[in-house]
Amino acid sequence: MRILIVEDEEKIASFLKESLEAEYFAVDVAEDGERGAYLACINEYDLIILDNMLPKKEGIEVLREIREKEINTPVLVLSVRSEAPKKVDLLNAGADDYLTKPFAFSELLARMHALLRRPKGIEEEVLTAGDIALDVPRGIVTKKEKELHLTRKEFMLLRYLLQNKGIVLSRSMILEHVWDMEVDAFSNTIESHILSLRKKLGDTGKNRFIQTVQGRGYKIC
Ligand code: CA
């Protein structure tokens, strides 16, 4: 799951980025409205957290702009009570939810999970395939009920594959959803993570759990 945070207050932005990364999200940050609108258009995010008071372009303008371009990513707007535009204006502009600062991180997370569950029903609590189970809220992966110790990226990669069971995921799709902008698209990051994931899953036999589809990408059946 990849998230865009559009927030000009550096402290809040870095707190959110760190906290969300600890919850297995890939996170990009834009520090003003213009950059936020730009990133929302060039990358495919699963959710956007949009501050309302921003330099260069206000949150509500960013929202209108991306909705005009038919980007339907769920958007959660943050604002301070005193500056809050009417909730109805935000909803009309295409916001999916709204949170007033200051807020508890646990509430933000709960609302994010609700939004991520909504459109495609993709955020199941426990994802399974064969004897592998990935428990999203607990951050645990098991094989035959025995816990496996995965790194953050391995967990995110496996989760993305399981959420798209039966679908071939290309390198660029995996990069878009599991990595943030700091990754070098031409490195062998994905290959090496698939390799280590296979090792930990004991996926070494002839009938691979994570299948390589030559020239196209990877899939789990
Ligand atoms: Ca602000």
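Below, the structure is looked at part by part. (Residues numbered from 1 in each chain as written. Predicted model: local features only at pLDDT ≥ 70, side-chain atom pairs only at ≥ 80, totals over all residues. Heavy atoms only, no water.)

**Some remarks on the pattern of salt bridges**
As enumerated under the stated definition, the model contains 16 salt bridges in all. D28 is the salt-bridge partner of R2, the closest N and O atoms lying 2.6 Å from each other. Of the two residues, R2 sits in strand β1 (residues 2–6) while D28 sits in strand β2 (residues 26–30), which places them 26 residues apart along the sequence. Given a relative accessible area of 3%, R2 falls into the buried group. Owing to a relative accessible area of 3%, D28 belongs among the buried residues under this scheme. The partner of D131 in a salt bridge is K144, and the shortest N-O contact between them spans 3.9 Å. Of the two residues, D131 sits in the loop between β6 (126–129) and β7 (132–135) while K144 sits in the loop between β8 (140–143) and β9 (146–148), which places them 13 residues apart along the sequence. Overall, K144 belongs to the exposed group, its relative accessible area being 64%. (Salt bridge = Lys/Arg side-chain N within 4 Å of Asp/Glu carboxyl O. Helix = DSSP H or I, 4+ residues; strand = E, 2+ residues; numbered from the N terminus. Buried < 20%, exposed > 50% of the residue type's maximum accessible area, 1.4 Å probe, protein only.)

**Some points on helix α1 (residues 10–22)**
With 13 residues, α1 ought to run about 18 Å at 1.5 Å a step, and its terminal C-alpha atoms sit 18 Å apart, in line with that. Of the residues flanking the end of α1, it is Y24, one or two places downstream, whose phi is positive at about 70 degrees. (Expected span 1.5 Å × (residues − 1).)

**Examining the packing of α1 against helix α5 (residues 105–117)**
One way to put it is that α1 packs onto α5 with a least axis distance of 12 Å and a crossing angle of 60 degrees. Classified by the angle between their axes, α1 and α5 sit oblique to one another. Crossing of α1 over α5 shows right-handed handedness. Contacts between α1 and α5 involve F15, L16, S19 and L20 from the first element and F105, L108, L109 and M112 from the second. Residue composition of the contact of α1 with α5, grouped by class: 7 nonpolar, 1 polar and no charged. (Axes fitted to C-alpha atoms, helices over the stretch in contact; angles between N-to-C directions. Parallel < 35°, antiparallel > 145°, perpendicular 65-115°, else oblique. Left-handed = near helix turned anticlockwise from the far one by under 90°. Contact = heavy atoms within 4.5 Å. Nonpolar A, V, L, I, M, F, W, Y, C, P; charged D, E, K, R; others polar.)

**Focus: helix α3 (residues 59–68)**
Residues of α3 that are buried: G59, I60, V62, L63, I66 and R67. Seen end-on, α3 carries its buried residues on one side only, within an arc spanning 155 degrees. Looking at the buried positions of α3, the neighbouring elements they touch are α2 (33–42), β3 (47–51), β4 (75–80) and α4 (87–93). E70 lies just past α3 and shows a positive phi near 60 degrees. (Arc of directions from axis to C-beta.)

**Quick notes on the sheet that holds β4**
The sheet built from 5 strands is open, its strands ordered β2-β1-β3-β4-β5 with parallel pairing. Edge positions in the sheet fall to β2 and β5 (97–101), since each has one partner strand and no second. Each neighbouring strand pair of the sheet contributes to a mean axis angle of 20 degrees, computed without reference to strand direction. In this structure, β1 lies alongside β2, joined through 5 bridges in parallel fashion. If you follow I3 over to β2, its bridge partner there is V27. On the sheet, α2 packs against β1, β2 and β3 and is oriented at approximately 160 degrees with respect to β1. (Pairing = 2+ DSSP bridges.)

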